[in-house]
Amino acid sequence: MWKLKRTHTCGELRVQHVGQNVILNGWVESRRNFGNLIFVDLRDRYGKTQVLFSPDRAQELVALADALKNEWVIAVKGVVRRRDTETVNPKIVTGEIEVDAIELEVLNEAKTPPFPISEHLAVSEETRLQYRYLDLRRPSMQRNLITRHKVLHAIRTSMDRQNFVEIETPYLVKFTPGGARNFLVPSRHFPGRFFALAESPQIFKQLSMVAGYDRYYQIARCFRDEDLRADRQLEFTQLDMEMSFVQRDDVMDAIEQVCVDIWKAVLGLEVPRPFARLSYADAMREYGTDKPDLRFEMKIWDVTGEVAESGFKVFAEAAKAGVVRGLTASGAAFSRKDTDVLETFVKGIGAKGLISLKVEEGGKLSGGVAKFLGEREAGAIRVKSGAKAGDTVFMIADEEEKAASVLGALRNHLAARLDRIPKEQFRFCWVVDFPMFEKTDEGIAARHHPFTSPKDEHLEMLEKEPLKVQAKAYDLVLNGFEIGGGSIRIHRRDIQQRIFRLLGLTDEYLRDRFGFLLEAFEYGAPPHGGIALGIDRLSMLILGLDNIRDVITFPKTQRTTDLMMGSPGTVTEKQLKELHVRVVEDAEGGRAELPSVR
RNA sequence: GGGGGUGUAGCUCAAUUGGUCAGAGCAGUGGAUUGUCGAUCCACAGGUUGCGGGUUCGAGCCCCGUCACCCUCGCCA
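Just so it is clear, the model here is predicted, and its values are computed rather than measured. (Residues numbered from 1 in each chain as written. Chains lettered and ligands numbered in written order. Predicted model: local features only at pLDDT ≥ 70, side-chain atom pairs only at ≥ 80, totals over all residues. Heavy atoms only, no water.)

1. Topic: the protein's contact with RNA strand B
To be explicit about the condition: A molecule or strand has a residue near it when one of that residue's heavy atoms lies within 4 Å. Two N or O atoms form a polar contact when they lie within 3.5 Å of each other; inside protein one atom must be a possible hydrogen donor and the other a possible acceptor, and for residues adjacent in sequence the pair counts only when both atoms belong to side chains. Segments assigned H or I by DSSP are reported as helices when at least four residues long, segments assigned E as strands when at least two residues long, and all are numbered from the N terminus. The nonpolar class holds Ala, Val, Leu, Ile, Met, Phe, Trp, Tyr, Cys and Pro. Asp, Glu, Lys and Arg form the charged class, and all remaining residues, Gly among them, are polar.
Neighbouring residues of RNA strand B: 54 residues in total, closest N33, T87, S124, E226 and H448. Between G179 and RNA strand B, the recorded distance is 2.9 Å, taken from a backbone N or O atom to a sugar or linking oxygen. At a separation of 3.2 Å, a base nitrogen of RNA strand B approaches a polar backbone atom of G348. For the surface near RNA strand B, the secondary structure elements donating two or more residues are β1 (21-34), β2 (37-44), β3 (47-53), α2 (125-130) and α10 (336-348). Ranked by residue count, the leading element in the surface near RNA strand B is β1, at 4 residues. A class-by-class count of the residues in the surface near RNA strand B yields 16 nonpolar, 21 polar and 17 charged.

Shown next, in the form of structure tokens:
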């Protein structure tokens, strides 16, 4: 049994506590020994306090303090002293005082950590993930997780104030087709049957509308067995919400309110409302993406019409079936090596090539293909690009979608490289008027999901020109990241049937997969709509980070392994048998190599 | 599956053209030190240069393969 239970935290003591007897518990961050005089910085999640072991105290106390190592867990009893003016440490909030130790209790010793917990040196993410519990002890990670907690708390407060009801729904669900690849969980009771881990609570939240809950929300974990990115994990957290008897703007208003409340509660910032709105078509044309980063300009321009007759074949050919568009990097010069690197970058994302032109004094264009351009094309490029002497323009000639996406990626890439992205700025925007369907190899597919309502005025085009039909869908974008997406749903059986038919889904198939939902909609489904916000991305952005793993306690690597616990792991033959599962070696010969278990 | 990047001491990094280049700081260990706070000083210890192969008189460096991690395209209704 240990004795010295803390009376204060390590971030709490100030000059007004001077003279008090206190007990602190925490981890040894560092020990500085000056002979008989020893300083120990004691750390907990609240802060850091300097403990003094003075030679005036018992010899045993000083000897024990001298034996302390970093990350030992200790309890110290002592008196709060005001520090002399010249020994005040202005870097920490407890820097005006120190605790003059009277008693020391070692609660636990610790091995030397593989990396320092104090953060004067960067540590590779691989090592951090392997010893995640130590990484999480570092102040920056504690800040991240505590900020995330504040986000969650602000969400619950805001949703409650707005009269939403928090309702939990199952994670073990039935596989429904479409959307992300599912994780499957074999059923012990039914050989050959599987649960799927919910990729989102979509269907349940619509059912809760049928059930009359009117305003539902949930902070739900979602599971998607897709490839990972800096902003994507296998399991992630959503604020999922749904409302009845609403139109699009009601949902948008409610979620704007949540965002405003979060930013106010976490950062004390007033986010201006209403958020900007941008149509999908405009976003794609001007920013080359449906999630534009509005913190900087650098819009994409188009000279397709102007170069259609060009003697430069690349332009003339592209203008026939596609577009010729470009970006302007103002006041930035690029060496041949720089543009080669950029060309490799755009080719890596599917571009055929990258045209770069420099604007000389007097407006003359120079560089690679400049000599092929007539005065008419060069003039058009100058006008549309708005480029001045010293600027560089980059151009892509390709099919429209490709040109847009390549320039969109290049826009972000250049802005980051040229340091043109203002930090600590939050630019929310809604992207609306999404197309209802997209082309696939087999025909057309729902762009959002098959329960999304088409715009009323587009209903008549549904069968004739489905690709022109727009949906009552909306995405919330922040600083170039999609942080939410939702829609007004179809609540009428006849329209839902038309959509399913367009998607080529047979009645039999629908009965098997969605029968319960379609039936539910026949028992009085109110008009409804909703949205889901990505909490991990939102937390990442509010912290100014560029990686979702830094706001997730125990994230997985890009190859979907957990470097700490070594998952995924093997199971026993007995477990497999019980689940009626047999492991088959694949055609490549053998199972993929498992992550090493330490 | 494709494109790009990284891998050297426990941690973070350096090592000219392939040639005394196996090095530094931090951490660690031992010692010194009465006001530090990323303490300082002295000393010591610490290496399969991710792994396997190849080229070469000689490879951390070049080539091939492979593994791990990161960014990205596809994928993510």
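So much for the structure itself; the text now carries on.
2. A closer look at the nonpolar core
To be explicit about the condition: Residues belong to a common nonpolar core when they are buried Ala, Val, Leu, Ile, Met, Phe, Trp, Tyr or Cys residues joined through side-chain atoms within 4.5 Å. For each residue, the accessible area found with a 1.4 Å probe, counting protein chains only, is set against the maximum for its type, and the residue is called buried under 20%, exposed over 50%, and partly exposed in between. Only heavy atoms enter the contact rule, under which two residues are in contact if any of them lie within 4.5 Å.
Grouped together as the largest cluster of nonpolar side chains are 44 residues, with contacts concentrated most on L239, M241, I262 and F428. Broken down by element, this core gets its largest block of residues, 10 residues, from helix α6 (residues 248-267). Apart from the residues within four sequence positions on either side, M241 is in contact with M159, F164, K205, Y216, Y217, V251, A254, I255, G530 and I531. Counting residues in each nonpolar core, the second largest holds 23 residues, with Y280, I444, V469 and A471 among its members.

3. Observations concerning the domain arrangement of chain A
The condition that has to hold: Where each domain starts and ends follows an automatic or database-derived domain assignment.
Along its sequence, chain A is carved into domain 1 (15-108), domain 2 (142-275 + 428-551), domain 3 (296-417) and domain 4 (568-598). The centre of domain 1, based on its C-alpha atoms, is set 51 Å off from the matching centre of domain 2.

4. With respect to the pairing of strand β15 (residues 355-359)
Our working definition: DSSP bridges decide pairing: two strands pair if at least two such bridges lie between them.
Here β15 shows one buried face, formed by I355, L357 and V359, and one open face, formed by S356 and K358. Strand direction decides the pairing type here: β15 and strand β17 (residues 392-398), joined by 4 bridges, are antiparallel. Directly across from S356, in β17, lies its bridge partner F394. Inspection of the sheet shows β15 paired to strand β16 (residues 365-366) by 2 bridges, in the antiparallel sense. Bridge pairing in β16 places K358 opposite S366. Taking the residues that link successive antiparallel strands as the turn, the β15-β16 hairpin has 5 residues, and the phi of G362 there is positive, at about 90°.

5. Topic: a nonpolar patch on the surface
Going by this rule: Exposure above 30% relative accessible area and the absence of a salt bridge qualify a residue for a patch, where like charges join within 9 Å and nonpolar side chains (Val, Leu, Ile, Met, Phe, Trp, Tyr) within 5 Å. Computed with the Shrake-Rupley method and a 1.4 Å probe, the accessible areas treat only the protein chains shown as cover for residues. When a carboxyl oxygen of Asp or Glu is within 4 Å of a side-chain nitrogen of Lys or Arg, the pair counts as a salt bridge.
A cluster of nonpolar residues, F175, L184 and F194, forms a patch on the protein surface that exposes about 280 Å² of accessible area. Relative to the helices and strands, L184 resides in strand β8 (residues 184-186).

6. Quick notes on the packing of aromatic side chains
Stated formally: The rule is short: rings of Phe, Tyr and Trp, with Trp giving its six-membered ring, pair when the centres are within 6.5 Å, and they are stacked under 30 degrees, edge-to-face over 60, tilted in between.
With the rule as written, the count across this model stands at 14 aromatic pairs. A centroid spacing of 4.5 Å and a plane angle of 20° characterise the contact between F275 and F428, whose relative ring orientation is stacked. Of this pair, F275 sits in the loop between α6 and β12 (276-279) while F428 is found in strand β18 (residues 428-432), placing the two residues 153 residues apart along the sequence. Judged on exposure class, the residue F275 and its partner F428 are both buried.

7. Some details on empty space enclosed by the protein
Put simply, the rule reads: A 1.4 Å probe that fits into a set of points on a 1 Å grid over the protein atoms alone but cannot get out defines a cavity; an open set with protein on both sides within 12 Å along at least five of seven lines defines a pocket, and lining residues are those with an atom within 4 Å of a point. Grid points are joined across faces, edges and corners, and a volume is the space filled by probe spheres set on the points.
As enumerated under the stated definition, the model contains 1 cavity of 30 Å³ or more in all. Considering only enclosed or pocket space, the largest cavity measures out at about 50 Å³ in volume. Residue lining of the largest cavity: L129, R132, F554, P555, K556, T557, T561, D562, L563 and M564, and that is the complete set. Here the residues of the lining of the largest cavity are counted per class, giving 5 nonpolar, 2 polar and 3 charged.

8. Section: the packing of helix α13 (residues 493-502) against helix α14 (residues 507-521)
Keep this limit in mind: Axes here mean lines fitted to C-alpha atoms, for a helix over just the part in contact, with angles spanning 0 to 180 degrees between N-to-C directions. A crossing counts as left-handed when the near helix is turned anticlockwise from the far one by less than a right angle, and as right-handed when that turn is clockwise.
Where α13 contacts α14, the two axes come as close as 12 Å, and the packing angle between them is 145°. Of the two possible hands of crossing, α13 and α14 adopt the one that is right-handed. Residues R493, Q496, Q497, F500 and R501 of α13 pack against D507, L510, F514 and L518 of α14. Residue composition of the contact of α13 with α14, by class: 4 nonpolar, 2 polar and 3 charged.

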